Amino acid sequence: MLFPKQRPWNLPEQDAAPESAWTNRRQLLLAAGFGLAGWAGTEHDLAAQAVPASGAFRNGKRNPAFTRPDISPEAAATGFNNFYEFTTDKQQVRNSVGRFQTQPWQVEITGLVNRPMKLDLDEMGRRMQQEERVYRFRCVEAWSMVVPWTGFPLADLIRMVEPKPEARFVRWWTAYRPKEMPGMVQQPWYKWPYYEALRMDEAMNPLTLVATGIYGKPLPKQNGAPVRIVVPWKYGFKSIKSVVKIEFVKNQPSTFWNDAVPAEYGFYANVNPKRPHPRWSQATDKRIPTMDVEPTQPFNGYADYVAAMYKGNEI
Ligand code: MTE
């Protein structure tokens, strides 16, 4: 067992829809013929199985254990972005994504798993219990936001594909679409497509989200539509956008920024106010859009949930 059965942020019972809602939903799915539909390349009829994990259907409800009063304005989170496939101008990403086709979308899950699959995004949305979590988000460039994400724990997806015991890391790739992503063509020196990875225990940590939305709406393209990873205790570059492929592997994979500038960006990239970036301090961050300065917290404030995973020498 990698984490306690009773997650501390489970929704209180009264917030959850009754079991009957879940059952009806399942019957509807079955009646609508969702079996193999949407699941190319797998023989498993997952619609005939229970929806994963802990019980009730709780689609999109805010998780009270992860909420804060200081949510950043939506216009800030959707208008100030890092998405180098489009442009390095943070305020122009949203104006550069017009050609990016995010529907239909498939995520291939492969490598050291018993149940490899190609997962249609609609099916993923129907199958996984979505919830909203308000997380701090801290970029390595020393700016931060507080974002309400909609999504589900990556651990739920991992359990579904049944990793083999030798799987020790999970890696993922963003879409490779030079015709739709002008930044790829303008910056040919990077090793596209963008790729990232986590150790298996980090991927299974219940804080790690597969996000499909923000502010109660589907993810905008500039924020990584239609599906991205969110790892709130790490610098933002670990939170890879627009994921098309997930692979379970034995050895520690290379990562995009660590390959590009190894002296500045490590594999682990845990938020650490005491470890300065070679070119700037990480002791404080500026909240977008007010630019209010606040002290950066170890693990971005999530130490209670994640610090035990580390010995202290991971960079
Ligand atoms: N994913 C891809 N594919 N390409 C990127 O350039 N930038 C990363 C991360 N994920 C990036 C990416 C960085 S540096 C940050 S800070 C966050 O996305 C920014 O996410 P946001 O624009 O939703 O705030």
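Just above, that's the structure.
The structure reproduced in this document is the subject of the present report. Within each chain, residue numbers correspond to sequence positions counted from 1 in written order. Local features in this predicted model are restricted to residues whose pLDDT is 70 or higher, and side-chain atom pairs enter the listing and the counts only when it is 80 or higher, whereas totals over whole chains, interfaces and linings include all residues. Side-chain calculation: all heavy atoms of the structure are included, whereas hydrogens and water are not.

Take the pattern of salt bridges next. Salt bridges are defined as contacts in which a side-chain nitrogen from Lys or Arg sits within 4 Å of a carboxyl oxygen from Asp or Glu. In the structure shown here, the tally under the stated rule is 20 salt bridges. Note that Arg-287 is salt-bridged to Asp-70, the shortest N-O span being 3.1 Å. Of this pair, Arg-287 sits in strand β13 (residues 284-287) while Asp-70 sits in the loop between β2 (61-62) and α2 (74-79), and the two are 217 residues apart along the sequence. You can call Asp-70 partly exposed: its relative accessible area is 25%. Measuring nitrogen to oxygen at the nearest pair gives 3.0 Å for the salt bridge that ties Glu-123 to Arg-126. With Glu-123 and Arg-126 both in helix α3 (residues 121-127) and 3 residues apart, the pair spans about one turn of that helix. Looking at Arg-126, the relative accessible area reads 26%, which means it is partly exposed. In the salt-bridge network here, residues are joined through shared partners; they are Arg-68, Asp-70, Arg-287 and Glu-294. Comment: elements are numbered from the N terminus, with helices defined as DSSP H or I runs of at least four residues and strands as E runs of at least two. We call a residue buried when its accessible area falls under 20% of the maximum for its residue type, exposed when it is over 50%, and partly exposed in between, using a 1.4 Å probe and counting protein chains only.

Within this scheme, the nonpolar core is defined by two criteria: the residues are buried Ala, Val, Leu, Ile, Met, Phe, Trp, Tyr or Cys, and they are joined through side-chain atoms within 4.5 Å. Of all hydrophobic cores here, the largest spans 84 residues; its most connected members are Trp-149 and Phe-248. With sequence-adjacent residues up to four places away left out, Trp-149 is seen in contact with Glu-131, Glu-132, Arg-133, Tyr-135, Phe-137, Leu-209, Ala-211, Gly-213, Ile-214, Leu-219, Arg-228 and Val-230. Between two residues, a contact is recorded if the distance between any of their heavy atoms is within 4.5 Å.

What follows concerns the layout of surface pockets. Each cavity reported here is a set of points on a 1 Å grid over the protein atoms alone in which a 1.4 Å probe fits but cannot get out, each pocket an open set with protein on both sides within 12 Å along at least five of seven lines, and each lining residue one with an atom within 4 Å of a point. Grid points are joined across faces, edges and corners, and a volume is the space filled by probe spheres set on the points. In this structure, the largest pocket spans a volume of roughly 540 Å³. The dominant element in the lining of the largest pocket, judged by the number of residues it contributes, is strand β6 (residues 143-153), at 4 residues. For the lining of the largest pocket, the class distribution of residues is 18 nonpolar, 6 polar and 6 charged. Residues are grouped as follows: nonpolar covers Ala, Val, Leu, Ile, Met, Phe, Trp, Tyr, Cys and Pro; charged covers Asp, Glu, Lys and Arg; every other residue, Gly included, is treated as polar.

Before going further, it helps to spend a moment on the packing of aromatic side chains. Between the rings of Phe, Tyr and Trp (Trp by its six-membered ring), a pair exists once the centres lie within 6.5 Å; its type follows the angle of the planes, with under 30 degrees stacked, over 60 edge-to-face, and the other angles tilted. Taken as a whole and judged by the stated rule, the model has 26 aromatic pairs. Their ring planes at 85° and their centres at 6.2 Å tell us that Tyr-268 and Tyr-310 sit as a pair that is edge-to-face. On the criterion of sequence distance, the pair formed by Tyr-268 in the loop between α7 (256-260) and β13 and Tyr-310 in the segment after α8 (303-306) is long-range, its members being 42 residues apart. When sorted by exposure, Tyr-268 lands in the same class as Tyr-310, which is buried. These aromatic residues form a ring-pair network of at least three members: Tyr-84, Trp-189, Tyr-190, Trp-192, Tyr-194, Tyr-195, Phe-237, Phe-256, Trp-257 and Tyr-265.

Let us look at unusual backbone geometry. In this structure, Pro-226 follows Ala-225 across a cis peptide bond, with omega equal to -5°. A cis geometry characterises the amide bond from Ile-288 onward to Pro-289, with omega recorded as 5°. Inspection of the secondary structure assignment puts Pro-289 in the loop between β13 and β14 (292-295). A positive phi angle is found at Ala-142, which is not glycine, with a value near 75°. Checked against the element boundaries, Ala-142 lands in the loop between β5 (131-138) and β6. Positioned with a positive phi, Met-291 is a non-glycine residue whose angle comes to about 65°. Following the sequence through the fold, Met-291 ends up in the loop between β13 and β14.

Throughout, the term near means that a residue has one or more heavy atoms lying within 4 Å of the molecule or strand in question. By nearness alone, 17 residues border the ligand, and Tyr-84, Glu-85, Thr-174, Arg-228 and Lys-241 come closest of all. Within 3.5 Å is the distance limit for a polar contact, defined as a pair of N or O atoms, with the added protein rule that one can donate a hydrogen and the other accept it, and that residues adjacent in sequence qualify only through two side-chain atoms. In this structure, Ser-239 approaches the ligand through a main-chain N or O atom, which is 2.9 Å from a nitrogen atom. Lys-241 places a side-chain nitrogen or oxygen 2.7 Å from an oxygen atom of the ligand. For the accessible areas, the method is Shrake-Rupley and the probe is 1.4 Å, while residue cover comes only from the protein chains on display. Alone, the ligand offers 530 Å² of accessible surface; in the complex the protein occludes 97% of this. Here the residues of the shell around the ligand are counted per class, giving 8 nonpolar, 6 polar and 3 charged.

Glancing now at the environment of Asn-313. Along the polypeptide, Asn-313 turns up in the segment after α8. Separated by 45 residues in sequence, Asn-313 and Tyr-268 have C-alpha atoms that sit 9.8 Å apart.

Note on placement: Ser-254 falls in the loop between β12 (243-249) and α7. Once you skip the residues sitting within four places of it in the chain, Ser-254 turns out to touch Tyr-195 and Asp-259. Within the structure, the side chain of Ser-254 is placed 3.4 Å from the side chain of Asp-259, a separation counted as a polar contact.

Our next topic: the pairing of strand β9 (residues 209-214). The buried fraction of β9 is high, at 6 of 6 residues. Here a strand pair is declared whenever DSSP counts at least two bridges between the two strands. Here β6 pairs with β9 via 5 bridges, running antiparallel. Note on β9: the bridge partner recorded for Gly-151 is Ala-211. Where β9 meets strand β10 (residues 217-218), 2 bridges bridge the pair, whose relative direction is antiparallel. If you follow Gly-213 over to β10, its bridge partner there is Pro-218. In this antiparallel pair of consecutive strands, β9 and β10, the connection spans 2 residues, and Tyr-215 shows a positive phi of 50°.

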